[in-house]
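What follows is the residue order along each chain.
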Amino acid sequence: MRRLLACLVIGLIGISPAWAFDQGTQDVLDRMKVGKLVPITEVATLMRNSERWCYIEDEGSCSWSDIYLDVTDEGATYEIGNAWDADRDVIFTDQGTFEEGRYICETGYDWVPTVRAINRADGSIVNGRALWDLKTAISENRNESIDCYDYVLKGSDPDAETITLLQRQFTDGATDPLNDVTVTLHFNADTAAALTWYY
């Protein structure tokens, strides 16, 4: 009965059910305001607790996505996936450091050896000479700039179990709004696993 009454009270006062987000994530949302910068310590909590970050999401498909594998007080290791071309998806592991209480910054880590590839048509693995040639092409076209990123809260959807952030890119301390992208953080494992990449 107490549980039923509690649910009724929650519904009456318009508070999202406790199960919509884990407690740590909900605490971050309670401290933050829409349109305001999210400190990197709070972003780190979202990295740890989310299943997948989907950039420029369009009907369940991402321009690229991140899965945060390990997050410490100093930085994060994450798996990035995107469509390399119309035929192949690539997945690789990169690292970033937390800086100035605000940014996650690239480190110059050579992630090319970690590249894996999948044929988009049938999901088969690319290996052998085809993978070697792909890694060579990626290495030759790799951007060597060291960029940093911060995040502004755009909103949250407890029913969908998502949080939306604006990612801003900084190169040599300067940012260009044309490089701003919206990233949707997915906290539901099934929804996150169903995301694809568009080309």
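Per-chain numbering applies: the sequence of each chain, read as written, is numbered from 1 onward. With the structure being a predicted model, the display of local features is reserved for residues of pLDDT at least 70 and the display and counting of side-chain atom pairs for 80 or more, all residues being used for whole-chain, interface and lining totals. The basis for the side-chain values is all heavy atoms of the structure; hydrogens and waters are excluded.

Engineer: Pulling in residues and values, what's your account of the overall build of the protein chain?
Structural biologist: Secondary structure summary: the protein chain contains five helices and 12 strands in total. Across the protein chain, the fraction of contacts at a sequence separation of at least 24, relative to all contacts at a separation of at least 6, is 52%. Strands are runs of DSSP state E lasting at least two residues, helices are runs of H or I lasting at least four, and both sets are numbered from the N terminus onward. Any two residues whose heavy atoms approach within 4.5 Å are treated as being in contact.

Engineer: Tell me about the side chain of Asp-147, residues and numbers included.
Structural biologist: Mapped onto the elements of the fold, Asp-147 is located in strand β8 (residues 147–157). For the buried Asp-147, which has no salt bridge, the nearest side chain bearing the opposite charge is Arg-142, at an N-O separation of 11 Å. Discounting chain neighbours no more than four positions away, the residues touching Asp-147 are Ile-104, Cys-105, Glu-106, Gln-169, Phe-170 and Thr-171. Relative accessibility under 20% of the residue-type maximum defines a buried residue, over 50% an exposed one, and the middle range a partly exposed one, all with a 1.4 Å probe and only protein chains included. Charged residues are defined here as Lys and Arg on the positive side and Asp and Glu on the negative side; His and the ends of the chain fall outside this count. Note on definitions: salt bridges are taken to be side-chain nitrogens of Lys or Arg within 4 Å of carboxyl oxygens of Asp or Glu.

Engineer: Give me the lowdown on the state of the cysteines, citing residues and values where you can.
Structural biologist: Two cysteine sulfur atoms make up a disulfide if the distance between them is within 2.5 Å. All told, the structure shown has two disulfides when counted by the stated rule. Across a sulfur-sulfur distance of 2.1 Å, Cys-54 and Cys-62 are joined as a disulfide pair. Of note, the bridge from Cys-54 to Cys-62 carries an S-S torsion of about -115 degrees and is left-handed in sense. Comparing Cys-54 with Cys-62, the two get one shared label, buried. Sequence-ordered numbering of the disulfide-bonded cysteines in the protein chain gives the connectivity 1-2, 3-4.

Engineer: Lay out the pairing of strand β3 (residues 64–71) with the relevant residues and their values.
Structural biologist: The pairing criterion is simple: DSSP has to find at least two bridges between the two strands. Judged from the three bridges that link them, strand β1 (residues 52–55) and β3 form a sheet pairing that is antiparallel. Each residue of the ladder has a partner; that of Tyr-55, found in β3, is Trp-64. One ladder, built from seven bridges, connects β3 with strand β4 (residues 75–83); its direction is antiparallel. By the bridge assignment, Asp-66 is partnered in β4 with Ile-80. A loop of three residues connects β3 with β4, the two strands running antiparallel in sequence.

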